[in-house]
Each structure stands twice: as C-alpha cells, then as structure tokens.
Amino acid sequence: MGSTSLPGRIILHVDLDYFYAQCEENLNPALRGKPVVVCVYSGRTEESGVVSTCNYEARKYGVKAGIPIVRAKKLLDTADAAFLPMNRPRYEAISARIMEALKPFGNAFEKAGIDEAYLELSSSINGDFEKAEQIAREIKQAILEQEQITCTVGVAPNKLLAKIASDYNKPNGLTVIRPEDVKTFLGELQVNKIPGVGRKTEQSLNQLKVERVDQLAKLDLSVLRETFGSSVGDYLYRAARGEDGEPVKGREQPTQLSRIATLKKDTQEISEILPLLEELVSSATLKLTQKAMTCKTVSIIAILGDLSIHSKSKTLESPTNNERIIAQASKDLIAQFLKSARNASVRRVGVKLSGLSTRSGQTDISRFID
Ligand code: TTP
Ligand code: CA
C-alpha cells in the first residue's frame, strides 16, 4: 500500500514550546516563573473568551488551551498569574524570523504552522542519525541564542514519526526515533498520540478494545475501513506501523510536469520523432521519480510548421512513474496524432505528465480526522 519510509530518510520536526506564552515572557521577562495565560477575549463581557495557550507553570494548575478564561482564573486564584490578551502579529513576526533561521539546516523545509516546521535532512547526512541528533541540538541552540525561544525537536525516518517524537518530551526536549526502534517506541504509546486521533476516534478504538498503538497494529485493515471509512482506516493502519511517505513540501507541489524540444527538421515521420520524444519522457519521468510522485495522465504536444499547437491525452489505468508505461502511452498518442492529422509536419514535440500526486496517495489526512 504505497511507499513507507524510504531507506536513509531522516526528518526533523521542530515545535516551539508554549509559543505565544513564551513570546510574552520574552517581551516582559518579569513574567518568567509565574503562570502566564494568553487569552482570546471575545469582548462580550470583560472575562469572556478562551485560553489560547499558557506556559508550563500555568499547566501545573490544570490550565490548557481552549478552556474558558473564567475557569483558568478559578484554577489559578491562589497563584500570582498573568492573563494577557493574544497579540498575533507579534508572534507572527517572531515565528517568521525563526522559520528563516531554520531553513538552512535542511535540504527541504516545510512550515506546518505558526510554531512548527519539518526539515528533510536525508540527502545531506546519508541516514546518519547521530549527525541528525547533532543538527537538532544546533537548531535548538540557534533559536535560543537568536530569539530566546526554547523548542522541542523530533528526529525520525518520516514526518509522522518526527511529529510524534517532538510531542513525546516537551518542553525543551529532543527525541530521536531510529528505524530499528520504531516498533517498540510506537507500540507503547496510547493511540491518541497518533496525530489526528482525538477524543472521538480514541473512543471508537477503545470500543474495539484498542488503547495502545501495538493493539491498533493488530487490527485488520478491513475492520479499520469498516469503522472509519477507507481513507481514515488506511491512515490508521499505516500510522500504527509508523509508515508515512509524505514528502517535506519545500514549495507547493507541482500539478503537472512537461518537457518540450525542437526537432532537427520538421517531419511527418514517427521514426524521426520518437527518439526525441523518448528522451523527453525519460527526463520528465526522472523528475517525477525524484519528487516521489506519480502521474495519472500522459499528454503529447505537437507544434507544427505553421506554429499551430496540438495535443492528445490519455488517462492511465492507475497512477505511475514507470518510464516504460509512460513511453508507451506517448508513443501511442503521437502515432494517433500523426494518423489523424495527415500531412502534419511536426516542428516541436513535447510530453506533459499531469494528475500528479505523491506516491503514498495520502494527503495529510491526519488533519481531517475527528
Ligand atoms: P501548540 O504547539 O499546540 O501549543 P504551544 O506551543 O502553546 O505549547 P506546546 O509547548 O505544548 O507546544 O500551539 C501553538 C500555538 O498555537 C500556541 O502557542 C497558541 C496557538 N493555539 C491556540 O491559539 N489555540 C489552541 O487551541 C492551540 C492548541 C494553540
Ligand atoms: Ca508548540
């Protein structure tokens, strides 16, 4: 079922600790050591609204994100606590500087929220988890020195596991999950540690007598699909095994990829067109493979001597990055084109691969559960 962790892959997930509250502590160091609660005031009454986040001193009293401010005040009534209004533009400016500082540490960088990001280290350190751990320490030090912000880092063979790792030991933590430790590490966790598994999914799993991830890994895929539907079922099945092929998306993923070139001379002969077309297919397919993507549709483009542009497309039976299949489809299409457009003298020829998706076919489904 799709790709798992590619061998040698190492991903870092950086999560800034109690982010908004830590920003407030830095803006007013007198707050340090006290419970600090950042609030979203609704404006209805003086105290109505909810807690956005709070520092770890406040968490000791049971305060957490999402609870009413009134309730947080009750929990903290014996403490010398600070209640501050949220100032999002301030936190965004700090976040933007930190994100810029993080980018050079990886081959690819993906911001996943105001206070979290993924870095792909794979190709620079050749699967060396010791080096990855060292880089994680350097990152923590760099952010601390530059912004006086602590963070927690997870290091693992894929994004899913890196996120689970960074959640494991907060604040100011560093957790490394090596490929050989995945099964043991994951197996002992409660199912709600899987990103996306909230109260509802957890309750449904509990009804199936599943509380820990090792128990989840014993469920048949068919049971998971019946209970949660096929996409969430597939996600849980793979997550229980620590499998995730999602790339760190440096930029927006392309939705199509094309190659086009000019023939040595205008021609109507397929034999004079095919060698160039095959080269273009080969180059496009290589790019697809490098991006760990597949295509669903193959098109050929023909620009004639009169500069008119023509194209023909074929939707494949299943998504692929197999060069042989893509080359065959292109060959069929150009043959069809030459047959239909008699006397067409081709000047430029091209191939376009579209309907691109990542090989796992999974698009961050964890965000949509519960
Ligand atoms: P989180 O990373 O979930 O929380 P955190 O950074 O405050 O704490 P932790 O040390 O556990 O990582 O969220 C990041 C920021 O997003 C957080 O500082 C405030 C904001 N936020 C809300 O406004 N409402 C919410 O319900 C949550 C969970 C977060
Ligand atoms: Ca955080």
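The shown structure was predicted, so the numbers you read here are calculated from the model rather than taken from an experiment.

Novice: Report on unusual backbone geometry, specifying residues and quantitative values.
Specialist: Each neighbour pair has its own omega, and for Lys170 with Pro171 the value is -10 degrees, a cis peptide bond. Its location among the elements puts Pro171 in the loop between α7 (159-168) and β8 (174-176). Non-glycine residue Gln148 carries a positive phi angle of around 55 degrees. Checked against the element boundaries, Gln148 lands in the loop between α6 (129-147) and β7 (151-156). In this structure, Leu307 takes a positive phi of about 70 degrees despite not being glycine. With respect to the element layout, Leu307 can be found in the loop between β10 (293-304) and β11 (309-320). Take Leu307: its relative accessible area is 56%, and that puts it in the exposed class.

Novice: So what's going on with a nonpolar patch on the surface? Residues and values would help.
Specialist: Residues Val40, Val50 and Met86 make up a contiguous nonpolar surface patch of roughly 190 Å² in combined accessible area. With respect to the helices and strands, Val50 occurs in strand β3 (residues 49-54).

Novice: Describe the nonpolar core, listing the residues and the values that go with them.
Specialist: Within the largest apolar cluster, 36 residues are counted, with the highest numbers of intra-cluster contacts made by Phe19, Leu102, Ile143 and Val155. Going through the elements one at a time, β1 (11-16), α1 (19-27), β2 (36-41), β4 (82-85), α4 (88-102), β6 (116-120), α6 and β7 are the ones with two or more residues in this core. For this core, the element with the highest residue contribution is α6, accounting for six residues.

Novice: Now, about the packing of α4 against α6: what can you tell me, with residues and values included?
Specialist: The geometry of α4 relative to α6 is characterised by a closest axis approach of 10 Å and an angle of 140 degrees between their N-to-C directions. The orientation of α4 relative to α6 falls into the category oblique. Where α4 crosses over α6, the two elements pack in a sense that is right-handed. Here Ile94, Arg97, Ile98, Ala101 and Leu102 of α4 come into contact with α6, specifically with Ile139, Ile143, Gln146 and Glu147. Class assignment of the residues belonging to the contact of α4 with α6 gives a composition of six nonpolar, one polar and two charged.

What counts as what
Residues numbered from 1 in each chain as written. Chains lettered and ligands numbered in written order. Predicted model: local features only at pLDDT ≥ 70, side-chain atom pairs only at ≥ 80, totals over all residues. Heavy atoms only, no water. Helix = DSSP H or I, 4+ residues; strand = E, 2+ residues; numbered from the N terminus. Buried < 20%, exposed > 50% of the residue type's maximum accessible area, 1.4 Å probe, protein only. Patch = residues over 30% accessible without salt bridge, like charges linked within 9 Å, V, L, I, M, F, W, Y side chains within 5 Å. Areas by Shrake-Rupley, 256 points an atom, 1.4 Å probe, with all protein chains shown as cover. Salt bridge = Lys/Arg side-chain N within 4 Å of Asp/Glu carboxyl O. Core = buried A, V, L, I, M, F, W, Y, C linked by side-chain atoms within 4.5 Å. Axes fitted to C-alpha atoms, helices over the stretch in contact; angles between N-to-C directions. Parallel < 35°, antiparallel > 145°, perpendicular 65-115°, else oblique. Left-handed = near helix turned anticlockwise from the far one by under 90°. Contact = heavy atoms within 4.5 Å. Nonpolar A, V, L, I, M, F, W, Y, C, P; charged D, E, K, R; others polar.

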